[in-house]
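A closer look at the structure
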Amino acid sequence: MFSVAIVGKPNVGKSSLFNRIVKAQDAITSSKAGTTRDFKRRDVEITENKEITLIDTGGLEDRDELFNKVKNKALEMAESADLVLFLVDGQKYPDDEEIRYFRNLLKLNKKIWLVVNKIDNDKLNEMVYEYYELGAEKIFPVSVTHNRGVGKLLSAITRLIPETLKAPVLAPEDDLGLEEFLEIQETPQEEDKDIKVSIIGKVNVGKSSLLNALVGEERSIVSDVDGTTIDPIDENIIYKDKIITFVDTAGVRRRSKIKDIEKYALMRTEKNLEETDIALLVIDAKNGIAELDERIAGLVDKHQTGVIIVMNKWDETKEEYKKFVDEVRLKFKFLYYAPVIAVSAKTGRNIDKLKDTILKVFTNYSRRIPTSKLNEVIKQATQRHYLPTDKTKPVKILYAVQYETKPPRIALVMNRTHLHFSYRRYLINYLRERFDFTGSPIILSVRKRGEKYDEDKQIED
């Protein structure tokens, strides 16, 4: 796909232009220079049958070791792109550093267009002439904030792109009745090959290093500076016929220590979990488990994702494995179904084992139990231990059906909607004994026959 990289010095509006083109508040923006550190990549349709891969990069700046890494990654993205949009602040005169960066990019012998941002009115157009000395092939005055000139820029990009043939859209079927719905549940479903995995944890536990180890390249910038990752960073790999999208999220701090733009990063982490299949909960094995780790684990429980607890930096700890796992189990009792794996992102220890565990957990997270088999198991469970009565009145499970996967959701149709907490725990554990749900929550909902599904009545594992 035709790729377009947006590069430039910090705080010239690169992420704002990225958001304007993708038509979403995807990249975090701030008046603070250096907000974007890693690159963000999105496929976007800019006109019918024409798509591009748009890349937002960090600012070009020689400041310190961290920002040198940001700059080098931005230049690397520019070198691999088909078109480079070099963004400048049109309300300032070009400086020597900016001119140097632009002329170095020209040596790549590819299309480099100059985009002069912040031209908010016609009077400011005079400032555009100051940038002609850079020798750009094309210059586009725009105001991303006021959406001035962006359309002309996109039209020019469109003329460079070959058309993409799209598959025809089929008309939706009529609403299905209950019998047809249940019949579809019994029909073997096409295997899902796309897995979305979020890497979450405190700041500086090695999430970015883990992402790099999993994808086999330096995709995310790694630094000893806390909070290096601000925007969620995602990258795809193909592993054993599955497409795994890894997302490196911003590190979570205590609320009292969250700094300015990091509050947006925390919101993005939560939003990302809403769309995640599996969360890798990363713990720093070297420094042990903290109270904040338990709170972050609560986000996994809240969003009902599959989960793997990853003990990173295992090469740097002298802790006994079994003792550390026992502590993990004690601290994260509500994630008792999560597998625990010790890795070292630095040395690559157990990285392939972690990938295999992701595939296994995804299989369990996507598991669908045939209705006949499910009812057989529920019947066995109720015969082994009878349901508690509801104020002396008998309680019966008439039948059960799994109505959703990712996570598995099972409806229990009963003569009364009373199900004691201890008994529902027993049912869930019994299901886990009979079926492999390692790494996946199980959601039970209780309703009376003929009653519509009420989300408030669902019972979580």
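Structure report, in brief. These numbers were taken from a predicted model, which means no experiment stands behind them.

Parameters at a glance
- Residues numbered from 1 in each chain as written.
- Predicted model: local features only at pLDDT ≥ 70, side-chain atom pairs only at ≥ 80, totals over all residues.
- Heavy atoms only, no water.
- Helix = DSSP H or I, 4+ residues; strand = E, 2+ residues; numbered from the N terminus.
- Buried < 20%, exposed > 50% of the residue type's maximum accessible area, 1.4 Å probe, protein only.
- Contact = heavy atoms within 4.5 Å.
- Areas by Shrake-Rupley, 256 points an atom, 1.4 Å probe, with all protein chains shown as cover.
- Phe/Tyr/Trp six-rings, centres within 6.5 Å; stacked < 30°, edge-to-face > 60°.
- Lys NZ or Arg CZ within 6 Å of the ring centre and 35° of its normal.
- Pairing = 2+ DSSP bridges.
- Axes fitted to C-alpha atoms, helices over the stretch in contact; angles between N-to-C directions.
- Salt bridge = Lys/Arg side-chain N within 4 Å of Asp/Glu carboxyl O.

Helices and strands together make up the secondary structure of the protein chain, namely 12 helices and 16 strands. Out of the 461 residues in the protein chain, the part that is buried amounts to 52%. Here the contacts in the protein chain between residues at least 6 apart in sequence split such that 70% fall between residues at least 24 apart. As presented, the protein chain carries roughly 23300 Å² of accessible surface, and 47% of it is formed by carbon and sulfur atoms.

Attention now goes to the side chain of N117. Structurally, N117 can be placed in strand β5 (residues 111-117). Apart from residues no more than four positions distant in its own chain, N117 is found in contact with V12, G13, L87, V88, D89, G90, Q91, V142, S143 and V144.

This next bit is on the packing of aromatic side chains. Given two aromatic rings, one states the distance between the centres and the angle between the planes to describe the pair. In this structure the tally under the stated criterion is nine aromatic pairs. An angle of 40° between the planes, with centres 5.2 Å apart, marks the rings of W113 and F140 as tilted. Taken together, the positions of W113 in strand β5 and F140 in strand β6 (residues 138-141) put the pair 27 residues apart, joining distant regions of the chain. Relative to Y337, the ring of Y336 has its centre 5.5 Å away and its plane inclined at 80°; by these criteria the two rings are edge-to-face. Ring pairs connect the aromatic residues W314, Y321 and F324, which therefore count as one cluster. A cation sits over an aromatic face here: R100 above Y101, 4.9 Å from the ring centre.

This part is about the sheet that holds strand β1 (residues 3-8). Reading across from one edge, β2-β3-β1-β4-β5-β6 is the order of the six strands in this open sheet, with mixed pairing throughout. Looking at the sheet topology across the chains shown, the edges are occupied by β2 (40-47) and β6. Neighbour-to-neighbour, the strand axes of the sheet open up by a mean angle of 25°, direction not taken into account. Sheet analysis places β5 next to β6, joined by four bridges and oriented parallel. Along β6, the bridge assignment pairs V116 with P141. Set on the sheet, helix α1 (residues 14-22) makes contact with β1, β2, β3 (50-56) and β4 (83-89); between it and β3 the angle comes to about 155°.

All right, on to the pairing of β3 then. In terms of burial, β3 is a largely internal element, six of the seven residues being buried. Two elements, β2 and β3, share seven bridges in a ladder whose sense is antiparallel. For E45, the partnering residue across the bridge sits in β3 and is E51. The hairpin formed by β2 and β3 contains two residues between the paired strands, and N49 there has a positive phi angle of roughly 65°.

With that settled, the discussion passes to the pattern of salt bridges. Under the definition given, this model contains 17 salt bridges. Among the ionic pairs, E404 bridges to R409, the shortest N-O distance being 3.6 Å. One network of salt bridges, in which partners are shared, links K9, D95 and E97.

What follows is about unusual backbone geometry. With an omega dihedral of 0°, the bond running from K406 to P407 counts as a cis peptide bond. Among the secondary structure elements, P407 is positioned in the loop between β13 (397-404) and β14 (409-414). In the Ramachandran plot, K118 falls in the positive-phi region, its phi being about 70° despite a non-glycine side chain. For K118, the location among the structural elements is in the loop between β5 and β6.

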